[in-house]
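Each chain is listed here by its residues.
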Amino acid sequence: MMAIFEYAPAPESRDIVDIKASYGLFIDGEFVDGSGTPFKTINPATEETLAEVATASSDDVDRAVQAARKAFGAWSALPGAERAKYLFRIARIIQERARELAVLESLDNGKPIRESRDVDVPLVAAHFFYYAGWADKLEYAGFGTKPLGVAGQVIPWNFPLLMLAWKIAPALACGNTVVLKPAETTPLTALWFAEICRQADLPPGVVNIVTGAGETGAAVVGHPDVDKVAFTGSTEVGRLIARAVAGTDKKLTLELGGKAANIVFADAAIDQAVEGIVNGIFFNQGHVCCAGSRLLVQESVQEELLAALKRRLGTLRVGDPLDKNTDVGAINSAEQLAKIRELSQIGESEGAERWSPACELPEQGFWFPPTIFTGVAQSHTIARDEIFGPVLSVLTFRTPAEAVEKANNTPYGLSAGIWTEKGSRILWMADRLRAGVVWANTFNKFDPASPFGGYKESGYGREGGLHGLEAYLDV
Ligand code: NDP
């Protein structure tokens, strides 16, 4: 679509972050060398190297677990109100350093600064504030007050700092200590968080950050002195972890993939639904486990809705993640871009119709235009597999019962969306959808007080809210 006027660039300055040439592991309150081969983390929007980062070997992971074990005694013995003070302090420092964290997250991950600044970082602070509030009230939560011990936590690259907050805040509030491994492509904000722990005078060993690839993650998960494993990532690795943990005393929570249905009824406010569809699948380049990647639209409004959606996609600005006007940033890695391309190719070859708005993509970096597929059948690969990119598959339905049937026809069950004017229909649908989170007339809304988690192959256990405490207490 022709822009009515051009936007002048509005880049956020990156001067606020001072990235060093190399980073070590954070063990027992100190930055130390790793014994594995270091790796580079790059800016996916430019392919420029941001820093070299240490790889933790299994010996390094062992040191980190020992440090966490040593710290556990004193940390778990602190009165909850004292632990809360540290968490409140961390939350406040995150707020104070919000701009720096947002810029760094956008540099390392590729997400638009508008999102890292207005969504990720505020939610990170909110999670620490929320669980700080629970630390001295555990006895009222109903899961006892006994922490599990050392938590081994492995997180993905799509919300690097937010997933860290989801894991670390409840663990610490309940009196556990942690060893966390960030994803290989996005380690920087976790290392900044390590620095924030020092700034907050958190006792050494309570939080340990070990960087590295999948092998480092496997060493964390498999360490015999880890009491609790928390993982967010692909269903495939989730299965490996479930196998590794089976037969041990470790407690496990898994937050895995999704293929959410975003269901639009004919009586929905169409313009509002279009915004919800865009937010559902193009937020964070679609690198969202609960993304509304399958649009189910009632047949009678299909044409009207698709016309409005295409018009809206024509106004999305794809490009420099640090530009405050940008709506869709860079794909996080070359591997992820290859996967999105491959699945989109399969979509075409299986007979779905592909459409993207005209948009110029930067030459350097990893980019994929917002894409919709129409004429998608339930049997198509793009209706079943998680693409984890800015790609929407459109299916239709005629009756509410058919919508439920199609929405539930997936091995996943993380989230769903319903768009309708009728409250009774929302309740009727929500009762029948097999999904951990059901949004009504909105999508991708997160709050630290709401539990989040899946059914079926989307994993088990809940993070967030009162329910999130259960995963870190010896119930
Ligand atoms: P992974 O599940 O491989 O990565 C998640 C985390 O697990 C990373 O820190 C990763 O390390 C680590 N890891 C990898 N292998 C192991 C292992 N054997 N034991 C323990 N930890 C391990 O996801 P990918 O990043 O490879 O993405 C692949 C696909 O997964 C995506 O295309 C997407 O479809 C889906 N995905 C889903 C997410 C969700 O939230 N639902 C999040 C991320 C991905 P490293 O970074 O070094 O590989």
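Thresholds, definitions, all that
- Residues numbered from 1 in each chain as written.
- Predicted model: local features only at pLDDT ≥ 70, side-chain atom pairs only at ≥ 80, totals over all residues.
- Heavy atoms only, no water.
- Phe/Tyr/Trp six-rings, centres within 6.5 Å; stacked < 30°, edge-to-face > 60°.
- Helix = DSSP H or I, 4+ residues; strand = E, 2+ residues; numbered from the N terminus.
- Buried < 20%, exposed > 50% of the residue type's maximum accessible area, 1.4 Å probe, protein only.
- Lys NZ or Arg CZ within 6 Å of the ring centre and 35° of its normal.
- Near = heavy atom within 4 Å.
- Polar contact = N/O pair within 3.5 Å; in protein donor to acceptor, adjacent residues only side chain to side chain.
- Areas by Shrake-Rupley, 256 points an atom, 1.4 Å probe, with all protein chains shown as cover.
- 1 Å grid on protein atoms, 1.4 Å probe; cavity = no way out; pocket = protein on both sides within 12 Å on 5 of 7 lines; lining within 4 Å.
- Sits in = over half its atoms within 2 Å of the grid points.
- Nonpolar A, V, L, I, M, F, W, Y, C, P; charged D, E, K, R; others polar.
- Domains from an automatic or database assignment.
- Pairing = 2+ DSSP bridges.
- Contact = heavy atoms within 4.5 Å.
- Buried area = accessible area lost by both parts, 1.4 Å probe.
- Salt bridge = Lys/Arg side-chain N within 4 Å of Asp/Glu carboxyl O.
- Points joined across faces, edges and corners; volume = space filled by probe spheres on them.
- UniProt positions renumbered as here; feature names shortened; annotations may be inferred.

**Q** Explain the packing of aromatic side chains here, please?
**A** Each aromatic ring pair is characterised by the separation of its centres together with the angle its planes make. Considering all chains together, one arrives at 13 aromatic pairs under this definition. Residues Phe-128 and Phe-193 carry aromatic rings whose centres are separated by 5.5 Å and whose planes lie at 25° to one another, so their mutual orientation is stacked. With Phe-128 in helix α4 (residues 113-135) and Phe-193 in helix α6 (residues 188-199), this pair connects stretches of sequence that are 65 residues apart. Grouping residues by exposure puts Phe-128 and Phe-193 together as buried. Ring pairs connect the aromatic residues Trp-166, Trp-439, Phe-443, Phe-446 and Phe-452, which therefore count as one cluster. Note that Lys-228 overlies the ring of Tyr-472, its terminal NZ or CZ placed 4.9 Å from the centroid. Directly above the aromatic system of Tyr-7 lies the positively charged group of Arg-317, at a separation of 3.7 Å from the ring centroid.

**Q** Got a minute to help me understand the site of the ligand in this structure?
**A** As a matter of local geometry, the ligand sits amid 28 residues, with Ile-155, Trp-157, Ser-234, Gln-336 and Lys-339 nearest to it. Residue Glu-184 places a main-chain N or O atom 2.8 Å away from an oxygen atom belonging to the ligand. In this structure, Ser-234 approaches the ligand through a side-chain N or O atom, which is 2.7 Å from an oxygen atom. Coverage of the ligand by the protein amounts to 84% of the 850 Å² it exposes when considered alone. In this structure the site holding the ligand corresponds to the largest pocket. Those elements giving two or more residues to the shell around the ligand turn out to be α7 (214-222), β9 (228-232), α8 (235-245) and α11 (334-349). Its residues assigned to classes, the shell around the ligand shows 15 nonpolar, nine polar and four charged. When residues are assigned to domains, the shell around the ligand turns out to be shared by domain 1 (22-256 + 458-471) and domain 2 (261-440), each giving three or more.

**Q** Looking at this model, I keep getting lost on the pairing of strand β15 (residues 391-397). Mind explaining?
**A** As a general feature of sheets, a regular strand has side chains that alternate between the two faces. In terms of residue burial, β15 counts as a mostly covered element, since six of its seven residues are buried. In the sheet, strand β12 (residues 294-298) pairs with β15 via five bridges, with the strands oriented parallel. Across the sheet, Leu-295 pairs through a bridge with Val-394, a residue of β15.

**Q** I tried to follow the domain arrangement of the protein on my own but got confused; where do I start?
**A** The parts lose accessible area when they come together, and the size of an interface is often stated as this lost area. Its domain assignment divides the protein into domain 1 (22-256 + 458-471) and domain 2 (261-440). The centre of domain 1, based on its C-alpha atoms, is set 30 Å off from the matching centre of domain 2. Domain 1 puts 28 residues into the contact, and the matching count from domain 2 is 28 residues. Across the domain 1 to domain 2 interface the summed buried area is about 2,300 Å²; carbon plus sulfur atoms make up 57%. Put simply, domain 1 and domain 2 have one salt bridge between them. Among the salt bridges present, the one from Asp-327 reaches Arg-114, with a minimum N-O distance of 2.8 Å. The interface formed by domain 1 and domain 2 includes 14 residue pairs in polar contact (both at pLDDT 80 or more). Mapped onto the side of domain 1 that touches domain 2, the elements with two or more residues apiece are α3 (98-109) and α4. Of the residues that constitute the side of domain 1 that touches domain 2, the class distribution is eleven nonpolar, nine polar and eight charged.

**Q** Looking at this structure, I do not really get the layout of surface pockets. What am I missing?
**A** To find leftover empty space, one rolls a probe the size of a water molecule over the atoms. Taken as a whole, the largest pocket spans an internal volume of roughly 1,100 Å³. Lining the largest pocket we find 43 residues, and of these Trp-157, Phe-231, Gly-233, Ser-234 and Val-237 sit closest to its centre. Secondary-structure elements contributing two or more residues to the lining of the largest pocket are α7, β9, α8 and α11. The element that contributes the greatest number of residues to the lining of the largest pocket is α8, accounting for seven residues. For the lining of the largest pocket, the residue count by class is 20 nonpolar, eleven polar and twelve charged. Each of two domains, domain 1 (22-256 + 458-471) and domain 2 (261-440), supplies a minimum of three residues to the lining of the largest pocket.

**Q** Would you mind going over the UniProt feature "active site" (unreviewed entry) in the protein with me for this structure?
**A** Under the UniProt annotation, "active site" (unreviewed entry) lies at Glu-255. Secondary-structure assignment places Glu-255 in strand β10 (residues 251-255). Judged by its relative accessible area of 3%, Glu-255 is buried. Other than its neighbours up to four places away in sequence, Glu-255 contacts Trp-166, Phe-231, Thr-232, Gly-233, Cys-289, Leu-414, Phe-452, Ser-458 and Glu-463.

**Q** Honestly, the sheet that holds strand β1 (residues 22-23) in this entry has me stumped. Any pointers?
**A** Sheet strands line up and pair through hydrogen bonds in the backbone, either parallel or antiparallel. The strand order across the open sheet formed by three strands is β1-β5-β4, and the pairing between neighbours is mixed. Where the open sheet ends on each side, the last strands, each with one partner, are β1 and β4 (39-42). Summarising the sheet, β1 and strand β5 (residues 49-53) pair through two bridges and their orientation is parallel. Bridged to Tyr-23 within β5 is Val-53.

**Q** Looking at this structure, I do not really get the pattern of salt bridges. What am I missing?
**A** Charged atoms that come close allow side chains of opposite charge to pair. Following the criterion strictly, the structure yields 23 salt bridges and no others. Among the charged side chains, a network of salt bridges with common partners joins Arg-69, Asp-225 and Asp-227.

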